[in-house]
Amino acid sequence: MRYRSYSRNGEAGLAVQDGTVWRDLGATQLISVIAAGKAADPAIASGAPEIDIDTVTPLPPIPRPGKIICVGLNYIDHAKESPYKDLPTYPAFFPRFTTSLVGAGQPILRPFVSEELDFEGELLVVIGRRARHVSQDEALDYVAGYSVFNDASIRNFQFLGAQWTPGKNFDATGACGPDFVTADALPPGGAGLNMEVRLNGQLVQSVNTDLMIFPVAELVAKASAFTTLEPGDIIATGTPAGVGFARKPPLYMKDGDVVEVTIEGIGTLVNPVRDEPQAPLRAAAE
């Protein structure tokens, strides 16, 4: 099944696709549907009124997840184009924060402190059940479904120190959505899906999710070893080769650009790029 979290007149809501139409579940939140174990139940659309999906503003599928766990260097060619070169033997986990998230159609902001805003198309995993110390064999039982993610990164801040967190957490840089697709509608682990990223119509990244170094089941299992995963937590599974900083010359996103991430069976995430307004200077404390 396919869901879309949305905003209309300042109010958040949820829509579910029912055949060729979308139905409005009102103020219901996707995280509540997932936690109740009803996301894959077609009966959830029964009796709900139709909604014109083009008249609402998409939100991130889970607007404020409890945890946003990202993974770096999860495709061989990307690892080789990175400054690190060696293939990882353990996933390069790092966090994102909720203030960095932005929905489909909304601007990804290039911060006024940097011109190194890079694109990173990724498959996004949404956790469906509380998971702690789960095995790789059972890990996919804890996945509710998938979405599309753009882990837009501020490269000069990412590489300031040993930890990547600063460059991965600028406001309005983690684009996701518009749709959440339940796991039963896709191959196990989201494997075998083609993913493409386009910048202003130009193909800049292309990969099949089969090529992940650490597939979804392994990521979920390893993450559950160090933290309790809860319904609505999300895992961004890593980007393939072709990122802007590795190109000669580098290719960074700028004001006026449009970036698209398409994943087979899930959909296309489209975002314009805008410059962040210059922050006003603050008066020195008396």
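Data block above holds the structure.
Computed from a predicted model, the values in this text were never measured in an experiment.

A. Just the overall build of the protein, in detail. Broken down by element type, the protein carries 4 helices and 19 strands. Relative to its length of 286 residues, the protein is compact, with a C-alpha radius of gyration of 19 Å against a globular reference of 19 Å. Within the protein, buried positions represent 51% of all 286 residues. Expressed as a percentage of contacts within the protein between residues at least 6 apart in sequence, the contacts between residues at least 24 apart total 76%. Surface accessibility of the protein: about 12,700 Å² in total, with carbon and sulfur atoms responsible for 51%. Across the protein, 23 positive and 34 negative side-chain charges occur, with their mean positions spaced 3 Å apart.

B. Inspection of helix 4 (residues 216–226) at higher detail. Helix 4 sits mainly inside the fold: 8 of its 11 residues count as buried. Looking at the packing, one finds that the buried side of helix 4 touches strand 5 (68–72), strand 6 (92–96), strand 10 (121–127), strand 11 (143–151) and strand 17 (234–236).

C. View of the pattern of salt bridges. The final tally for this structure, using the stated rule, is 15 salt bridges. Members of the salt-bridge network, linked through shared partners, are Arg96, Asp118, Glu120, Asp151, Arg155 and Lys168.

D. Highlighting the environment of aspartate 171. Relative to the assigned elements, aspartate 171 resides in the loop between helix 3 (155–158) and strand 13 (174–176). Each C-alpha atom of the pair aspartate 171 and arginine 110 lies 9.2 Å from the other, and the pair is 61 residues apart in sequence. Look past the residues within four positions of aspartate 171 in its chain and what remains in contact with it is Thr99, Ser100 and Leu109.

E. Up close: the pairing of strand 19 (residues 267–275). In the sheet, strand 8 (residues 108–110) pairs with strand 19 via 3 bridges, with the strands oriented parallel. From the neighbouring strand, isoleucine 108 faces strand 19, where its bridge partner is valine 273. Examined bridge by bridge, strand 18 (residues 258–263) and strand 19 share 6 bridges and lie antiparallel to one another. Bridging across to strand 19, valine 259 finds its partner in asparagine 271. The antiparallel pairing of strand 18 with strand 19 creates a hairpin that spans 3 residues between the two strands, and glycine 265 there sits at a positive phi of about 85°.

F. Focus on unusual backbone geometry. Omega for the peptide link from glycine 177 to proline 178 comes to -5°, which places this bond in the cis form. Relative to the elements of secondary structure, proline 178 occurs in the loop between strand 13 and strand 14 (180–182). Here the amide bond leading from lysine 248 into proline 249 is cis, since omega sits at -5°, within 30 degrees of zero. Among the secondary structure elements, proline 249 is positioned in the loop between strand 17 and strand 18. We note that leucine 73 has phi near 55°; this positive angle belongs to a residue other than glycine. Here leucine 73 lies in the loop between strand 5 and helix 2 (76–81). Non-glycine residue asparagine 200 carries a positive phi angle of around 55°. A relative accessible area of 45% places asparagine 200 in the partly exposed class.

G. Quick look at the nonpolar core. Core analysis: the biggest nonpolar cluster contains 49 residues, and Tyr146, Val220, Met253 and Ile266 have the highest contact counts within it. For this core, the elements supplying multiple residues, two or more each, are strand 5, strand 10, strand 11, strand 15 (194–199), strand 16 (202–208), helix 4, strand 18 and strand 19. Considering every element that reaches this core, the biggest residue donor is helix 4, with 6 residues. Ignoring any residue separated from it by four or fewer positions in sequence, one finds methionine 253 in contact with Arg110, Glu115, Leu117, Asp118, Phe119, Ala152, Leu199, Val259 and Val273. Listed in part, the 26 residues of the second largest apolar core include Val33, Ala45, Phe149 and Phe180.

H. The arrangement of the packing of aromatic side chains in detail. The full count for this structure, using the stated rule, is 7 aromatic pairs. Taken together, a centroid distance of 5.8 Å and an interplanar angle of 75° make the contact between tyrosine 90 and phenylalanine 93 edge-to-face. Residue tyrosine 90 is classed as partly exposed on the basis of its relative accessible area of 43%. Taking 5.6 Å as the distance between ring centres and 65° as the angle between the ring planes, the aromatic pair formed by phenylalanine 159 and phenylalanine 245 counts as edge-to-face. A residue pair is termed long-range when its members are at least 10 positions apart, and phenylalanine 159 in the loop between helix 3 and strand 13 and phenylalanine 245 in the loop between strand 17 and strand 18 qualify at 86 residues. The partly exposed category is assigned to phenylalanine 159, whose relative accessible area is 32%. One aromatic cluster in this structure is built from Tyr84, Phe94 and Trp164. Across the ring face of tyrosine 142, the terminal group of arginine 129 is positioned such that the distance to the ring centre comes to 4.2 Å.

I. View of the sheet that holds strand 18. Pairing is mixed in the open sheet, where 5 strands are placed in the order 8-19-18-15-16. Lying at the two open borders of the sheet, with one neighbouring strand each, are strand 8 and strand 16. Sheet twist, expressed as the average angle between the axes of neighbouring strands with direction ignored, equals 20°.

Conventions used here
- Residues take numbers from 1 onward in each chain, read along the sequence in its written order.
- Only residues with pLDDT of at least 70 are given local features in this predicted model, and only at 80 or more are side-chain atom pairs given and counted; all residues enter the totals for whole chains, interfaces and linings.
- Heavy atoms from the whole structure form the basis of all side-chain values; hydrogens and water molecules are not counted.
- Under the DSSP-based scheme used, a helix requires at least four consecutive residues in state H or I and a strand at least two consecutive residues in state E, with every element numbered from the N terminus.
- Radius of gyration: C-alpha atoms only; globule rule: 2.2 Å multiplied by the number of residues to the exponent 0.38.
- Throughout, exposure labels follow a simple rule: accessible area from a 1.4 Å probe, protein chains only, divided by the maximum for the residue type, with under 20% read as buried, over 50% as exposed, and the rest as partly exposed.
- The contact definition used throughout considers only heavy atoms, calling two residues in contact when any of these lie within 4.5 Å.
- With residues, only the protein chains shown are counted as cover, and all accessible areas are computed by Shrake-Rupley using a 1.4 Å probe.
- Think of it this way: Lys and Arg go in the positive column, Asp and Glu in the negative one, and His and the chain ends go nowhere.
- In plain terms, the charge of a residue is placed at NZ if it is Lys, CZ if Arg, CG if Asp and CD if Glu.
- Salt bridges are defined by distance alone: a side-chain nitrogen of Lys or Arg within 4 Å of a carboxyl oxygen of Asp or Glu.
- In this analysis, strands are considered paired if DSSP registers two or more bridges between them.
- What makes a nonpolar core is a set of buried Ala, Val, Leu, Ile, Met, Phe, Trp, Tyr and Cys residues whose side-chain atoms join them at distances within 4.5 Å.
- Pairing of aromatic rings covers Phe, Tyr and the six-membered ring of Trp, with a centre-to-centre limit of 6.5 Å; geometry is then stacked below 30 degrees between planes, edge-to-face above 60, and tilted otherwise.
- Charge-over-ring contacts are defined here by two conditions on Lys NZ or Arg CZ: a distance within 6 Å of the ring centre and an angle within 35 degrees of the ring normal.
- Every axis corresponds to a line fitted to the C-alpha atoms, with the helix fit spanning only the stretch in contact, and the corresponding angles, defined between N-to-C directions, vary from 0 to 180 degrees.

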